Amino acid sequence: MLKNYRRKLDDIENNLLRMVDIILTANSGMLNATKEKDYDFFGSCEKQLKVIEDLAFKVDNTIVTTLALFSPEAKDLRELVAILKITNELSRARSNVKNYALDMKKYFAEGLFDERTINNIILLQESSIKSFRAVVEMIKSDDENESEKLYNSILVEEDKADELYLMIEQEVLATVCDNSKISVDKMNSLKAIRKLEKVTDRAVGVADLIMFAQTGGEITH
Amino acid sequence: MENIVSVENLNLWYGDNQALKNININMYKHKITALIGPSGCGKSTFLRVINRMNDLIDSVHIEGKVKVDNEDIYAKGVDVVSVRKKVGMVFQKPNPFPKSIFENIAYAPRVHGMVSKKEEEDLVERALKGAGLWDEVKDSLHEPGTSLSGGQQQRLCIARAIAVKPEVILMDEPTSALDPISTEKIEALMLELKKNYSIITVTHNMQQASRIADYTAFFHLGDLVEYDETESIFLNPKEKRTEDYITGRFG
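Just so it is clear, the model here is predicted, and its values are computed rather than measured.

Observations concerning the overall build of chain B
- If you tally the helices and strands in chain B, you get ten helices and ten strands.
- For 251 residues, the compact-globule estimate of 2.2 N^0.38 gives 18 Å, and chain B sits close to it at 18 Å.
- The dimensions of chain B, computed from C-alpha atoms along their principal axes, are 55 × 45 × 35 Å.
- Within chain B, the fraction of its 251 residues that count as buried is 53%.
- Partitioning the intrachain contacts of chain B with sequence separation of at least 6 by distance along the chain shows that 67% fall at a separation of at least 24.
- When the accessible surface of chain B is split by element, carbon and sulfur atoms take 46% of a total near 11,500 Å².
- Here chain B contributes 31 positive and 36 negative side-chain charges, whose respective centroids are spaced 2 Å apart.

Put into structure tokens, the structure is as follows:
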């Protein structure tokens with residue numbers, strides 16, 4: 001592989017990892033903030049997450065240039081096409097995390113949830129973090145067997161996230177009361193929590209694309 | 001960026017046939033410049049202008065200025081041999097001298113009086129290392145150059161060119177006679193060589209131009225249609241003729 005081509009690929013991978021790292025940092029920060037009831041942290045997430053959009057444009061433009069200059073084929077081509085779509089998944093994950101942070105800051109501060117629901121939200125957040133940590137390992141791995149194990153672990157986290165969301169939904173709905181203001185807030189909080197559940201779906205989307213890049217076949221996600 | 005080759009209002013005729021029309025271009029130091037275009041567009045003719053190889057053709061008439069390292073190489077009194085020492089050339093087909101590998105490298109520096117007999121071994125080793133060939137031939141330096149494979153012969157020719165420490169290396173389709181593995185070795189070598197030399201290469205292989213060149217010049221019917229950073233030429237060409245050529249619509 002020519003050095004200048006290698007440099008482009010390294011540049012793309014490094015920026016992709018930075019994007020995932022920003023999502024992970026925001027999620028981990030919110031997890032700690034939830035545990036410590038320090039909800040001001042939620043307000044600072046938006047600024048951190050904004051960088052993802054710039055990085056996504058940078059990665060996409062580098063890929064277009066790399067396609068134009070190096071005419072990659074087979075695995076090299078699959079990898080670039082996959083990453084072009086991965087940046088889109090990560091941008092959507094960014095939106096999910098940002099919207100969750102903005103909305104939940106208020107609901108947590110208002111004391112809208114009981115301890116059991118908060119614990120389930122913490123578990124949901126942990127699932128999204130675990131799934132994205134596995135994504136990082138998949139991006140770094142060249143070993144197909146290792147990637148497959150990581151992929152399966154992401155699917156497990158997605159299942160967990162689905163179940164946890166359903167539990168949270170039932171808990172919240174069970175506490176909807178006659179006070180219409182509180183009820184509206186509770187219904188809206190479910191929309192926000194759904195965003196957190198979607199972050200794990202995005203991790204699955206990214207993992208599907210990494211599998212396509214590494215093992216071939218067709219793009220399915 | 002520092003210019004290494006500057007061409008002003010260059011026109012060239014083969015008899016009555018004008019092959020290059022009012023070419024103006026600055027090529028830069030320590031960069032690879034690729035010349036692309038369909039057959040007969042003038043790119044090889046232009047390449048040969050830069051080390052006065054066209055002087056060998058009787059019917060050629062040239063107007064304009066060609067400066068290499070700020071010296072007009074077509075000015076009166078300029079020694080052609082010194083021009084060709086400054087501007088080395090590698091051809092399409094590997095053409096080692098019918099001599100040993102060692103002699104292929106040592107011959108020109110010896111003729112130019114650049115090295116003593118004692119220094120020759122060092123120079124040969126340096127040139128072969130520079131061309132990425134040393135490890136493959138260090139135990140057979142006195143074997144004929146022609147005994148090497150095609151790709152090795154081409155790298156020997158590159159080593160021969162760099163042995164006289166030129167400013168510029170011209171390459172006329174240097175990989176068109178080579179297999180893909182040898183081609184990749186030459187391309188990787190070109191990327192290394194540009195740290196110390198400026199390279200101007202003619203290629204019919206547009207992927208090669210896009211892979212290795214920093215700048216690309218597109219020629220058509222004797223005109224320099226477009227010259228820009230390679231990325232711009234291959235991603236956002238400004239001229240329709242360039243776009244049509246690189247997308248395979250003509251040529």
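A look at the sheet that holds strand β5 (residues 71-72) of chain B
All names here are of chain B.
- The strand order across the open sheet formed by four strands is β2-β1-β4-β5, and the pairing between neighbours is antiparallel. A strand with exactly one partner marks an edge of an open sheet, and here the two such strands are β2 (17-28) and β5.
- Where strand β4 (residues 60-68) and β5 come together, two bridges link them in antiparallel fashion. Looking at the pairing, Lys 67 lines up with Asp 72 of β5.

Observations regarding the packing of helix α3 (residues 101-111) of chain B against helix α4 (residues 117-130) of chain B
All names here are of chain B.
- Running from N to C, α3 and α4 point in directions that differ by 115°, and their axes come no closer than 9 Å. Every pair of crossing elements has a handedness; the one defined by α3 and α4 is right-handed. The segment α3 lies against α4, with Ile 101, Phe 102, Ile 105, Ala 106, Pro 109 and Arg 110 engaging Lys 117, Glu 120, Glu 121, Leu 123, Val 124, Ala 127 and Leu 128.
- Partitioned by chemical class, the residues of the contact of α3 with α4 number nine nonpolar, no polar and four charged.

Some thoughts on the interface of chain B and chain A
- Between chain B and chain A, the contact holds 14 residues from the first and eleven residues from the second.
- Between chain B and chain A, roughly 990 Å² of surface is buried when both sides are summed, and carbon and sulfur atoms account for 58% of that area.
- Among the residues chain B hides against chain A, the three largest losses belong to Arg 211, Glu 231 and Leu 235 of chain B. Together they make up 42% of the total.
- Taken together, chain B and chain A are joined by two salt bridges.
- Across the pair Lys 8 of chain A and Glu 231 of chain B runs a salt bridge, and its minimum N-O distance is 3.8 Å.
- Counting across the chain B and chain A interface gives five residue pairs in polar contact (both at pLDDT 80 or more).
- Of the residues forming the side of chain B that touches chain A, the biggest block, five residues, is contributed by helix α7 (residues 180-193) of chain B.
- In the side of chain B that touches chain A, the residues fall into five nonpolar, three polar and six charged.

Details of the nonpolar core
- Formed by 118 residues in total, the largest nonpolar core has its most connected members in Met 104, Phe 113 and Phe 132 of chain A together with Leu 128 of chain B.
- With residues near it in sequence (within four places) discarded, Met 104 of chain A still touches Phe 42, Phe 113, Ile 121, Ser 189, Ala 192 and Ile 193 of chain A.
- If you look at the next biggest cluster of nonpolar residues, it comprises 31 residues, including Leu 10, Val 49, Ile 50 and Met 53 of chain B.

Focus: helix α6 (residues 150-163) of chain B
- An ideal rise of 1.5 Å per residue puts 20 Å on 14 residues; α6 of chain B measures up with 20 Å between its terminal C-alpha atoms.
- The positive-phi residue at the C-terminal boundary of α6 of chain B is Lys 165 of chain B, with phi of around 50°.

Let's talk about the pairing of strand β10 (residues 223-229) of chain B
All names here are of chain B.
- As defined by bridge partners, strand β9 (residues 215-220) adjoins β10 across six bridges and the pair is classed as antiparallel. What sits directly across from Phe 218, in β10, is Glu 226.
- Where β9 hands over to β10, the hairpin turn is made up of two residues, of which Leu 221 adopts a positive phi near 50°.

Considering unusual backbone geometry
- Although it is not a glycine, Ser 71 of chain A sits at a positive phi angle of roughly 40°.
- Examined against the element boundaries, Ser 71 of chain A turns out to sit in the loop between α2 (41-70) and α3 (74-109).
- Even without being a glycine, Lys 165 of chain B presents a positive backbone phi close to 50°.
- Inspection of the secondary structure puts Lys 165 of chain B in the loop between α6 and β7 (168-172).
- We classify Lys 165 of chain B as exposed; its relative accessible area is 55%.

Quick look at the layout of surface pockets
- By volume, the largest pocket amounts to about 490 Å³.
- Elements supplying a minimum of two residues to the lining of the largest pocket: α2 (80-86), β6 (87-90), α3 and α6 of chain B.

Remarks on the packing of α3 of chain A against helix α6 (residues 180-215) of chain A
All names here are of chain A.
- Where α3 contacts α6, the axes come no closer than 8 Å and their chain directions differ by 165°. Taken as axis vectors, α3 and α6 run roughly antiparallel relative to one another. When the axes of α3 and α6 are compared, the crossing they make is left-handed.
- A class-by-class count of the residues in the contact of α3 with α6 yields 17 nonpolar, seven polar and twelve charged.

A look at empty space enclosed by the protein
Residues and elements named next belong to chain B.
- Enumeration according to the criterion identifies one cavity of 30 Å³ or more in this entry.
- Of the voids in this model, the largest cavity is the one considered here, and its volume is about 30 Å³.
- What lines the largest cavity is Asn 3, Ile 4, Ser 6, Lys 67, Asp 69 and Asn 70.
- Considering each element in turn, the lining of the largest cavity owes the most residues, three residues, to strand β1 (residues 3-14).
- Among the residues making up the lining of the largest cavity, the classes are represented as one nonpolar, three polar and two charged.

Parameters and conventions
- For every chain, the first residue of the written sequence is number 1, and numbering continues from 1 along that sequence.
- Whichever chain is written first is A, and whichever ligand is written first is 1; the rest continue in order.
- A pLDDT threshold of at least 70 governs which residues receive local features in this predicted model, and a stricter bar of 80 or more applies before side-chain atom pairs are shown or counted, although totals over entire chains, interfaces and linings include all residues.
- With hydrogens and water excluded, all non-hydrogen atoms of the structure serve as input to the side-chain values.
- By definition, any uninterrupted DSSP run of H or I lasting at least four residues is a helix, any uninterrupted run of E lasting at least two residues is a strand, and each is numbered from the N terminus.
- The size measure is the radius of gyration over C-alpha atoms, and the globule rule it meets is 2.2 Å times the number of residues to the 0.38 power.
- With a 1.4 Å probe rolled over the protein chains alone, any residue whose accessible area is under 20% of its type maximum counts as buried; one over 50% counts as exposed, and the rest are partly exposed.
- Only heavy atoms enter the contact rule, under which two residues are in contact if any of them lie within 4.5 Å.
- Areas reported here follow the Shrake-Rupley algorithm with a probe of radius 1.4 Å; residue values treat only the protein chains shown as occluding.
- Charge convention: Lys and Arg are scored as positive, Asp and Glu as negative, and His as well as the terminal groups of each chain are ignored.
- Where a charge lies is defined by one atom per residue type, namely NZ (Lys), CZ (Arg), CG (Asp) and CD (Glu).
- Strands are labelled as partners when DSSP assigns at least two bridges between them.
- Angles run from 0 to 180 degrees between N-to-C directions of axes, and those axes are lines fitted to C-alpha atoms, restricted for helices to the stretch in contact.
- Crossings are assigned a handedness: left-handed for a near helix turned anticlockwise from the far helix by less than a right angle, right-handed for a clockwise turn.
- Just so you know the grouping, Ala, Val, Leu, Ile, Met, Phe, Trp, Tyr, Cys and Pro go in nonpolar, Asp, Glu, Lys and Arg go in charged, and all remaining residues, Gly too, go in polar.
- The term buried area refers to how much accessible surface (probe radius 1.4 Å) is lost by two components on association, counted for both of them together.
- The term salt bridge refers to a pairing of a side-chain nitrogen on Lys or Arg with a carboxyl oxygen on Asp or Glu at a separation within 4 Å.
- The definition of a polar contact used here is a pair of N or O atoms within 3.5 Å, where within protein one atom must be able to donate a hydrogen and the other to accept one, and adjacent residues in sequence count solely through side-chain atom pairs.
- Nonpolar cores were defined as sets of buried Ala, Val, Leu, Ile, Met, Phe, Trp, Tyr and Cys residues, with membership established by side-chain atoms within 4.5 Å.
- Given a helix with a known number of residues, its expected span is that number minus one, times 1.5 Å.
- Grid spacing is 1 Å over the protein atoms alone, the probe is 1.4 Å, and a cavity is where that probe fits but cannot get out, while a pocket is an open set with protein on both sides within 12 Å along at least five of seven lines and lining residues have an atom within 4 Å of a point.
- Grid points are joined across faces, edges and corners, and a volume is the space filled by probe spheres set on the points.
- What sets the label is the angle itself: under 35 degrees gives roughly parallel, over 145 gives roughly antiparallel, 65 to 115 gives roughly perpendicular, and the rest give oblique.

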